Amino acid sequence: MSSKTLQIAITGLVQGVGFRPFVFRIATHWGLTGWVKNTNENVIIIITGTPVNIQNFLISLKQEAPPAALIDEITLLEIEPISFPSFTIHESHDISSQITEISPDIAVCEECLHDIDQPGNRLDYPFVNCTNCGPRFTIIEDLPYDRGKTTMNSFAMCPSCRKEYETVTDRRFHAQPTACSVCGPHYELFAGSNLISKEIGIIVNHVSACLDNGGIVLVKGLGGMHLACDAFNETAVKRLRAIKNREGKPFAVMFCDKESVNRYAHLDQNEERSLISWQRPIVLLEQKTESGSLMTENLNSGLNLLGVMLPYMPFHHLLFRQLKTQAIVLTSGNFSSEPILIDNQSALDQFSPFVDATILHNRDIYNRTDDSVVRIMGGEERILRRSRGYVPAPVRTAINTDGIVAFGAELTNCFCVGKGKKAFLSQHIGDLQGLETTLFFEKTITQFLKLFRVNPSLLAVDMHPGYISTKTGLNYGDLPIVQVQHHHAHIASCMAEHHLDEKVIGIALDGTGYGTDGNSWGAEFMICDLNDFERVTHFEYIPLPGGDLATEEPWRMAVSYLYKVFGREFLNLELPFLRNIDPERVQLVLQMIDKKINSPLTSGAGRLFDCVASLLDLVQFASFQAEGPMRLESLVRKDCTESYPFQNLETFCFDQTIRNIVKDIRNGIDKGTIAAKFHNTIISVIFEFANSIRLNQGINKVALSGGVFQNKYLLEGALEILQKNNFEVYSHSKVPANDGGIALGQLAVASKRRELKCV
Ligand code: ZN
Ligand code: ZN
Ligand code: FE
């Protein structure tokens, strides 16, 4: 049979994931000759062989690609037949500003774990990696992805590593971070600021003994420092909270394996898939409440959700081989409100006085990442915090976002830069309130623009004049700028994720965002497209006595709603929650509302959830963001189908809802039932609105966004009733529904306005 030659161009996530060695393997397997090389824009393959073998090769290419590879597009071109002596891998060439993608960091693979059990240079070596696993984004300084442009640059390969690196059939062929105990990075153990050991055996023994005895250690990870302690040791967990200055926010827990997770938390198929995926995120799981399976309440402040992950670095595996405990708290090494630390010296300076041991290593972290957080809702993985394992994989868009920089929101900030039809959403930056986080924000924007070779030509910001992200955007340079309303951006983000570019019913249930009337919006029912929105209705405005303070003290919202519904009469209702509030403070709040002092108006859904959480006396002073809504959700009695009345007037009015909740409380109805009835009420509101718009306007697509949709009961309930009634419903999965997804929406709106020549 005569031979033919094919030129194949592949775009997508195909660099740094073992793609070229994979191509080499399948090409030689099918007896083809030619070459493969990385360019800045794609992977190019030239193959010569029989049509049948080429066909088989193409099938293997699509079906057997390495786990972390993501093929976007394959273009085939038959060219004049060329004959080659063999199949080879060519060096990389820096040829254009069009880049391919950078792989996120990949959890250590089974084969590498096997390697650390074998005698030789990698016995117990904690930096083992190969083309299928290891650090990527966190060590990359620039493209194309070659060792010289990573933080592995300072480690010269030993002859043995080099041989593997250069052997096409080897699993470490062109694995940029290839290393061994002879030539690679190493860990160091410190007590206080004194170096104790560089021996991995000694370090692991010391650290595991320390943790098992209730100690607290700081350990440098993949994208930053972690603080760790035994997850079953109440005293240690309390002490860790004190060190971090973090009162109630739940801690993530790393378990030694899947089986031990199962002992303490419910794990369905989808949750298990996320848990063991190469991204190794923190998965929010429902705790088992059977006796004997309870962990210390201090981990998650008595919520029924537990953030769980499995080991992903070789060091974690080495540690669990020695540890007696099955689970350790692994929380970001930083003081609350600051970004996760990445620098060795700062870690020693800031934490060595407080912890029992510090374990650092000498491979620098270039791009900081936190552990990502996901939750399975409606049978799908929903990313709530997008960082390690997911970033910097782009979100593919239907519209051209080239050159747009979107600066995101204020809290749980992520920004986003556009390159063609790819949106590069940054890793979780955090709350832009402290100086350190702001510096991280600014520096990462610069790094992203350089890494992805984006030349900014259009900027997008929130409308809130006080956001640091807005100010940064406004001062960024002499470029056109688009200001996007917060909840329009939420819905646009959901639309962009699902490639929607038309009029949809947009329902944003959120905490707070700056409205075009100057009020604090947060439960917005809209008809919108990417360009613009019409606010059809919203939750009725209610005073927010104390402004931002009211979001931290849910009782203020309860008082505000009660005052609206009952007037001062509510003071005579003997509501249990009021027993815990100083009556003078209640009077003060009433005066603030009367005199309109520091009581801006809000339509925030989060505030209504806060109000109900307070009425049920679940929380009066929140110790972490969204504590009220989270506690309320965790109580819901799932077999309850009742709901409360509400009114659909000019806006959605909840006077009847509040009246009935108060009645139920006074009648001693259990909190789980009240929580369920309240959630069901909000689900009815969503459905009623969608229905009315479909009737009047014939729109059948519904986009749901905003932080409230991180609530599993609410999201699943809304999806169910809308889908049962034949709506096409869109919700977030690859991008957070919270403010971490806002930047993508800003990017989409800016892109649309540019297309329409409105900017
Ligand atoms: Zn590996
Ligand atoms: Zn070596
Ligand atoms: Fe928001």
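Residues numbered from 1 in each chain as written. Chains lettered and ligands numbered in written order. Predicted model: local features only at pLDDT ≥ 70, side-chain atom pairs only at ≥ 80, totals over all residues. Heavy atoms only, no water.

Things to note about the pairing of strand 25 (residues 533-538)
Bridging between strand 24 (residues 520-528) and strand 25 involves five bridges; their strand directions are antiparallel. In the sheet register, C528 faces strand 25, and the bridge partner there is F533. Between the antiparallel neighbours strand 24 and strand 25 lie four residues. (Pairing = 2+ DSSP bridges. Helix = DSSP H or I, 4+ residues; strand = E, 2+ residues; numbered from the N terminus.)

Considerations on the nonpolar core
Counting residues in hydrophobic clusters, the biggest one holds 147 residues, and the most contacted among them are I45, F57, L61, L509, F539 and L704. In terms of residue count, helix 20 (residues 671-697) provides more of this core than any other element does, 12 residues in total. The residues contacting L704, other than those within four sequence positions of it, are C494, I507, I686, F709, L715, A718, L719, L722, V729, Y730, S731 and H732. (Core = buried A, V, L, I, M, F, W, Y, C linked by side-chain atoms within 4.5 Å. Buried < 20%, exposed > 50% of the residue type's maximum accessible area, 1.4 Å probe, protein only. Contact = heavy atoms within 4.5 Å.)

Focus: the coordination of the zinc ion (ligand 2)
Protein coordination at the zinc ion (ligand 2): the donors are C158 (SG), C161 (SG), C180 (SG) and C183 (SG), at 2.3 Å from the metal. The site at the zinc ion (ligand 2) holds four donor atoms, and with the angles between them running 105 to 116°, its shape is tetrahedral. Expressed as a motif, the donor residue spacing for the zinc ion (ligand 2) is C-x2-C-x18-C-x2-C. With C161 in helix 4 (residues 159-166) and C180 in the loop between helix 4 and strand 6 (187-191), the pair connects residues that are 19 residues apart, well separated along the chain. Residue C161 is classed as buried on the basis of its relative accessible area of 0%. Here C180 falls in the buried class, since its relative accessible area comes to 0%. (Donors = N, O, S within 2.8 Å, 3.2 Å for Na, K, Ca; no water. Tetrahedral: all angles 85-135°; square planar, octahedral: opposite > 155°, others 65-115°.)

Here we look at the domain arrangement of the protein
Domain boundaries assigned for the protein yield domain 1 (4-89), domain 2 (214-341) and domain 3 (542-730). Distance from the C-alpha centre of domain 1 to the C-alpha centre of domain 3: 56 Å. (Domains from an automatic or database assignment.)

Structural notes on the coordination of the iron ion (ligand 3)
Distances from the iron ion (ligand 3) to its protein donors, H486 (NE2), H490 (NE2), D510 (OD), D510 (OD) and D739 (OD), fall at 2.0 to 2.7 Å. Ordering the donors of the iron ion (ligand 3) by residue number gives the pattern H-x3-H-x19-D-x228-D. One end of the pair, H490, is in helix 13 (residues 486-497); the other, D510, is in strand 23 (residues 504-514), and 20 residues separate them in sequence. You'll find H490 and D510 in the same group, each marked buried.

With respect to the side chain of R753
Examined against the element boundaries, R753 turns out to sit in helix 22 (residues 742-755). Within the buried set, R753 has no salt-bridge partner at all; the shortest N-O distance to an opposite charge, 4.5 Å, is to D532. Apart from residues lying up to four places away in sequence, R753 is in contact with V482, Q483, H488, N531, C758 and V759. (Lys, Arg positive; Asp, Glu negative; His and termini not counted. Salt bridge = Lys/Arg side-chain N within 4 Å of Asp/Glu carboxyl O.)

Here we look at the pattern of salt bridges
Inspection of every chain in the model, using the stated rule, returns 36 salt bridges. Taking the shortest distance from any N to any O, the salt bridge between R637 and D639 comes out at 2.8 Å. In this structure D639 comes out as exposed when scored by relative accessible area, which is 57%. Counted as one network, the salt bridges with shared partners bring together E111, D115, R122, E164, R171 and R172.

A look at the sheet that holds strand 4 (residues 70-79)
Spatial ordering of the open sheet is given by 4-1-3-2-5, a layout of five strands whose pairing is mixed. Strands with a single pairing partner mark the edges of an open sheet, and in this sheet they are strand 4 and strand 5 (87-89). The average undirected angle you get between the axes of adjacent strands in this sheet is 15°. (Axes fitted to C-alpha atoms, helices over the stretch in contact; angles between N-to-C directions.)

Some points on helix 17 (residues 605-615)
Here helix 17 lies mainly inside the structure; 11 of its 11 residues are buried. What helix 17 keeps buried is the set A605, G606, R607, L608, F609, D610, C611, V612, A613, S614 and L615.

Comments concerning the sheet that holds strand 18 (residues 404-406)
Within a sheet, adjacent strands bond to each other through the backbone by hydrogen bonds, running parallel or antiparallel. Reading across from one edge, 17-20-19-18-21-22 is the order of the six strands in this open sheet, with mixed pairing throughout. At either margin of the open sheet sits one strand with a lone partner, and together these are strand 17 (395-396) and strand 22 (481-484). In terms of strand pairing, strand 17 meets strand 20 (residues 422-425) through two bridges, oriented antiparallel. Following the sheet pairing, V395 is matched in strand 20 by A423. Sheet contacts for helix 22: strand 17, strand 18, strand 19 (416-419), strand 20, strand 21 (458-462) and strand 22; angle to strand 18, the most-contacted strand, approximately 145°.

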